[in-house]
Amino acid sequence: MNNEEILNIPQPDNKVVLSKDVFVLNTLAMGIAIQILAKITEETIEDWRSYVGAKATEQYRELSAEKIKEIADSLEIL
C-alpha cells in the first residue's frame, strides 16, 4: 500500500482543511529538510523522499484512530 492509498482510506471523519499557505509552507519545509539531508549524507533526494515516505507510512499504520484525531486536532493554523 503506498502513501496515496493510505491517505484515501475512507474514515468517518477523514478530512482536515488547511489553507493553501499552510499546506505549501509545510511542503516546502519538508523539501528543504530532505535537501539538507541529501547534501549532508551524499544520498539522493529521491532516496531520502522514499525513506521518509516509507517511515511515515510505517508510523501512520501504527497509529490508532484516536491518536490520528489527536494529531489532527493539535495542528496550529498559522
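Here's a quick rundown of the structure.

Cut-offs used in this document
Residues numbered from 1 in each chain as written. Predicted model: local features only at pLDDT ≥ 70, side-chain atom pairs only at ≥ 80, totals over all residues. Heavy atoms only, no water. Helix = DSSP H or I, 4+ residues; strand = E, 2+ residues; numbered from the N terminus. Buried < 20%, exposed > 50% of the residue type's maximum accessible area, 1.4 Å probe, protein only. Areas by Shrake-Rupley, 256 points an atom, 1.4 Å probe, with all protein chains shown as cover. Expected span 1.5 Å × (residues − 1). Arc of directions from axis to C-beta. Contact = heavy atoms within 4.5 Å. Salt bridge = Lys/Arg side-chain N within 4 Å of Asp/Glu carboxyl O. Phe/Tyr/Trp six-rings, centres within 6.5 Å; stacked < 30°, edge-to-face > 60°.

As for the overall build of the protein chain
Helices and strands together make up the secondary structure of the protein chain, namely 4 helices and 0 strands. Each helix (α) and strand (β) of the protein chain, taken in turn from the N terminus, gives the series α-α-α-α. Looking at the protein chain as a whole, 9% of its 78 residues are labelled buried. A total accessible area of about 6,800 Å² is found for the protein chain, and carbon and sulfur atoms account for 59% of it.

Here's the deal with helix α2 (residues 20–41)
With 22 residues, α2 should cover 32 Å at 1.5 Å per step; its first-to-last C-alpha distance of 31 Å lies within 8% of that length. Buried residues of α2: V22, I34 and A38, and no others. Looking down the long axis of α2, one finds its buried residues gathered within 145 degrees of arc, a one-sided arrangement. Exposed side chains of α2 directed beyond 90 degrees from the buried face belong to D21, L28, K39 and I40. In the core, the buried residues of α2 are packed alongside α3 (45–62).

Let's talk about the pattern of salt bridges
Applying the stated criterion across every chain, the model contains 4 salt bridges. A salt bridge links R49 to E46; the nearest nitrogen and oxygen atoms lie 3.9 Å apart. Of this pair, R49 and E46 both sit in helix α3, 3 residues apart, which is roughly one turn of that helix. Residue classification places R49 among the partly exposed residues on the basis of a relative accessible area of 49%. Here D73 ties to K69 by a salt bridge, and the two come within 2.6 Å at their closest N and O atoms. On the criterion of helical spacing, the pair formed by D73 and K69 is a turn pair, its members being 4 residues apart in helix α4 (residues 65–73). Assessed through its relative accessible area of 44%, K69 is described here as partly exposed.

A look at unusual backbone geometry
Here the phi dihedral of E42 falls at roughly 60 degrees; this positive angle occurs in a residue that is not glycine. Topologically, E42 is positioned in the loop between α2 and α3.

Structural notes on the packing of aromatic side chains
Scanning the entire structure with this criterion turns up 1 aromatic pair. Judged by centre distance (5.6 Å) and plane angle (90 degrees), the rings of W48 and Y51 are edge-to-face. Remark: Y51 and W48 occur in helix α3; sequence separation between them is 3 residues, near one turn of the helix. Overall, W48 belongs to the buried group, its relative accessible area being 18%. Y51 sits in the partly exposed class, given a relative accessible area of 46%.

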